[in-house]
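Chain by chain, the residues:
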Amino acid sequence: MRATRSTRPRAYARRPADDSAPLLDLTPQVAPPSADLIAAVVSHADRETRLSATRVRRHLTPYRAAELVAAGRLNAAEAARSLDIAVVWDEREAEVARVIDDAPLRNRAQSGRAWWEDAWEDELWAETPSRPALRAVSGGRA
């Protein structure tokens, strides 16, 4: 007797084959932020977002990072890396609750095929803004 396939659905879903997914991921892996860099973000952050009664999300803006480079507190590589880091600070405990690192997400978004070309395919970039046509008005002052 020949074995037949079960009509029961599989416990897992098969992922469709994607020709854009590389066989080997060659994107550079980002090292975790150092303790000095986290301390710089906590102490010099110029943006804060209140998350709860005791927790605040702190991060640097590009303008503040440039000020820290000019003051000699960060070098250019640390300043660029600090823009990807946000720190959740617990005010009650006076300690870092969580470090949020967006560098892997940015690298993944930029490592896709032709991300530069995709950025310029938007119709808003292709069209030049047109000026409204002037209307001829009859009458008015004589």
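Before reading on, note that the structure itself is shown above.
Quick look at the structure, then. None of these values were measured; they are calculated from a predicted model. (Residues numbered from 1 in each chain as written. Predicted model: local features only at pLDDT ≥ 70, side-chain atom pairs only at ≥ 80, totals over all residues. Heavy atoms only, no water.)

## Details of the overall build of the protein
For clarity, the threshold we go by: Numbering of helices and strands runs from the N terminus, with a helix taken as a DSSP run of H or I at least four residues long and a strand as a DSSP run of E at least two residues long. Residue contacts are defined here by distance: any two heavy atoms, one from each residue, within 4.5 Å place the two residues in contact. Accessible surface area values rest on a Shrake-Rupley calculation with a 1.4 Å probe, where residue burial reflects the displayed protein chains alone.
Assigned secondary structure in the protein consists of six helices and four strands. Seen in sequence order, the protein has helices and strands lined up from the N terminus as α-β-β-α-α-β-β-α-α-α. Within the protein, residue pairs in contact and separated by at least 24 positions form 46% of the contacts whose partners lie at least 6 positions apart. For the protein, the exposed area adds up to about 12,400 Å²; of that, 53% sits on carbon and sulfur atoms.

## Observations regarding the nonpolar core
For the record, the criterion: In these notes, a set of buried Ala, Val, Leu, Ile, Met, Phe, Trp, Tyr and Cys residues joined through side-chain atoms within 4.5 Å is what counts as a nonpolar core. For each residue, the accessible area found with a 1.4 Å probe, counting protein chains only, is set against the maximum for its type, and the residue is called buried under 20%, exposed over 50%, and partly exposed in between.
L37, I38, A40, V41, V42, L60, A65, L68, L74, A79, I85 and V87 together form the largest nonpolar core, which totals 12 residues. Secondary-structure elements contributing two or more residues to this core are α1 (35–44), α2 (62–71) and β3 (85–90). When residues of this core are assigned to their parent elements, the largest contribution, five residues, is made by α1. When sequence neighbours within four positions are dropped, the list of residues in contact with V87 reads I38, V41, V42, V56, R57, R58, V96 and R98.

## A few points about the pattern of salt bridges
Opposite charge on two side chains allows them to pair when their charged atoms are near. To keep it simple, the criterion reads: A pair is scored as a salt bridge if a Lys or Arg side-chain nitrogen falls within 4 Å of a carboxyl oxygen belonging to Asp or Glu.
Inspection of the entire model under this criterion finds five salt bridges. R50 serves as the salt-bridge partner of E91, at 3.0 Å between the closest nitrogen and oxygen. Here R50 lies in strand β1 (residues 47–50) and E91 lies in the loop between β3 and β4 (95–101), a separation of 41 residues in the sequence. The salt bridge involving R64 is made with E67; its shortest N-O contact spans 3.0 Å. Note that R64 and E67 are positioned in helix α2 at a spacing of three residues, about one turn of the helix. On the basis of relative accessibility, which here comes to 30%, the residue E67 falls in the partly exposed class.

## Topic: the environment of Y63
Looking at the element boundaries, Y63 is found in helix α2. Y63 sits 17 residues away from D46 along the chain, and the two C-alpha atoms are 9.5 Å apart.

## Observations regarding the side chain of T54
Of note, T54 is situated in the loop between β1 and β2 (55–59). T54 sits in the buried class, given a relative accessible area of 17%. When near neighbours in sequence (up to four residues on either side) are disregarded, T54 contacts W89, D90, E91 and R92.

## Regarding the sheet that holds β3
Keep this limit in mind: Pairing between two strands is assigned when DSSP locates at least 2 bridges connecting them. All axes are obtained by fitting lines to C-alpha atoms, using only the stretch in contact for helices, and the reported angles, taken between N-to-C directions, cover 0 to 180 degrees.
Spatial strand order, β1-β2-β3-β4: four strands in an open sheet with antiparallel pairing. Looking at which strands have only one partner, the edges of the open sheet turn out to be β1 and β4. With direction set aside, neighbouring strand axes in the sheet form an average angle of 25 degrees. Pairing of β1 with β2 involves four bridges; the strand directions are antiparallel. Of the residues in β2, the one forming a bridge with R50 is V56. In this fold α1 packs onto β2, β3 and β4, with an angle of close to 70 degrees to the strand it touches most, β3.

## Thoughts on the pairing of β4
In terms of strand pairing, β3 meets β4 through six bridges, oriented antiparallel. Its bridge partner lying in β4, D90 is registered against E95. Hairpin connection, β3 to β4: the antiparallel pair is bridged by four residues, and A94 has positive phi, about 55 degrees.

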